[in-house]
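Coordinates in review
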Amino acid sequence: MTDLNLPGDPIIPLVLRRSARARRISLRVSSLDGRVTLTIPEGVADQVAVDFAAQKEVWIRKHLQKQPDAVQVGIGTVLPIDGVRHEVRQGQGRTVFCADGVLHVSARNSGIVIERYLKELARERLVGASDLYAARLGQSYSRITLRDTRSRWGSCSSQKALMYSWRLILAPPQVLRYVAAHEVAHLLEMNHSAAFWNKVSEIFGDYAPPRKWLRLHGAELHRYRFR
């Protein structure tokens, strides 16, 4: 991949991805973090791709205006944990203490420390939820990994490995549990057939509200920057 910029106010970073399968230049603006990606065929010059983006500048900026503003996490920031707003305040020592809507953290590298805390909390919640729903199905998974994914909230491989976005810890608990149930259901149904959704309903219940929440608010979870 190559990083270039589209001139203007503000400058728009462009990510160029070459693909042997591409037959033409394609453009995508991520609904999660606003990343502008150009997929280009092998042999096409970078400048040709930039010129293509320039022709689509109005369209690109229109879509970027819909993105939630980025928030650099640090002392004074307000961010959601379990869907509840928490204010970040300076605390003592190197540990993070969370109580009564306040997240106490050392001022030094506070964003990185908070990110580490949230990942640990997310793993605890997601492992617990995955264990619960797997037991209800009489299934087992091979492992759980956490990532900061942009295109999906979770996945289940053919080797029964579960993957989740750790940013689910920012969402309401029912949303996190729904995603866990969704991926665990794939242990039996590696598709999105009626049988699959029946399994989700069987182990989770009414999944429509959390699914709708992710569709409406999921992009907001990616607005927080920790580094």
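The structure displayed is predicted, hence computed values, not measured ones.

Right, let's get into the overall build of the chain. When helices and strands are tallied, the chain shows 6 helices and 13 strands. If one aligns the C-alpha atoms of the chain with their principal axes, the spans along those axes are about 55 × 50 × 30 Å. Pairs at least 24 apart in sequence give 49% of the contacts found in the chain among residues at least 6 apart. Entry remark: accessible area of the chain is about 12800 Å², with carbon and sulfur atoms responsible for 48%.

Okay, the packing of helix α4 (residues 173-185) against helix α5 (residues 194-204) next. Direction vectors running N to C along α4 and α5 enclose 130°, while the axes themselves pass 9 Å from each other. In terms of orientation, α4 and α5 fall into the oblique class. Note on packing geometry: the crossing formed by α4 with α5 is right-handed. Residues Q174, R177, Y178, A181, H182, V184 and A185 of α4 pack against F196, W197, K199, V200, I203 and F204 of α5.

Moving on to the packing of aromatic side chains. Counted by the stated rule, this structure contains 6 aromatic pairs. The ring of Y224 carries the charged tip of R223 above its face, separated from the ring centre by 5.7 Å.

Here the domain parsing of the chain yields domain 1 (5-66) and domain 2 (114-221). Inter-centroid distance (C-alpha atoms) of domain 1 to domain 2 is 31 Å.

One can describe the packing of α4 onto helix α6 (residues 208-217) by two numbers: an axis separation of 9 Å at closest approach and a directional angle of 105°. Between α4 and α6, the angle is such that the two are roughly perpendicular. For the pair α4 and α6, the contacting residues are Q174, V175, Y178 and V179 in the first and P210, R211, W213 and L214 in the second. When the residues that make up the contact of α4 with α6 are grouped by side-chain class, the tally is 6 nonpolar, 1 polar and 1 charged.

Moving on to the sheet that holds strand β11 (residues 154-156). Spatial ordering of the open sheet is given by β10-β12-β11, a layout of 3 strands whose pairing is mixed. The sheet is open, and its two edges are formed by β10 (143-147) and β11, each paired on a single side. In this sheet, neighbouring strand axes are inclined to one another by 15° on average, regardless of whether the strands run parallel or antiparallel. Across 5 bridges, β10 lies against strand β12 (residues 161-165) in parallel orientation. For T145, the partnering residue across the bridge sits in β12 and is M163.

Criteria and cut-off values
Residues numbered from 1 in each chain as written. Predicted model: local features only at pLDDT ≥ 70, side-chain atom pairs only at ≥ 80, totals over all residues. Heavy atoms only, no water. Helix = DSSP H or I, 4+ residues; strand = E, 2+ residues; numbered from the N terminus. Contact = heavy atoms within 4.5 Å. Areas by Shrake-Rupley, 256 points an atom, 1.4 Å probe, with all protein chains shown as cover. Axes fitted to C-alpha atoms, helices over the stretch in contact; angles between N-to-C directions. Parallel < 35°, antiparallel > 145°, perpendicular 65-115°, else oblique. Left-handed = near helix turned anticlockwise from the far one by under 90°. Phe/Tyr/Trp six-rings, centres within 6.5 Å; stacked < 30°, edge-to-face > 60°. Lys NZ or Arg CZ within 6 Å of the ring centre and 35° of its normal. Domains from an automatic or database assignment. Nonpolar A, V, L, I, M, F, W, Y, C, P; charged D, E, K, R; others polar. Pairing = 2+ DSSP bridges.

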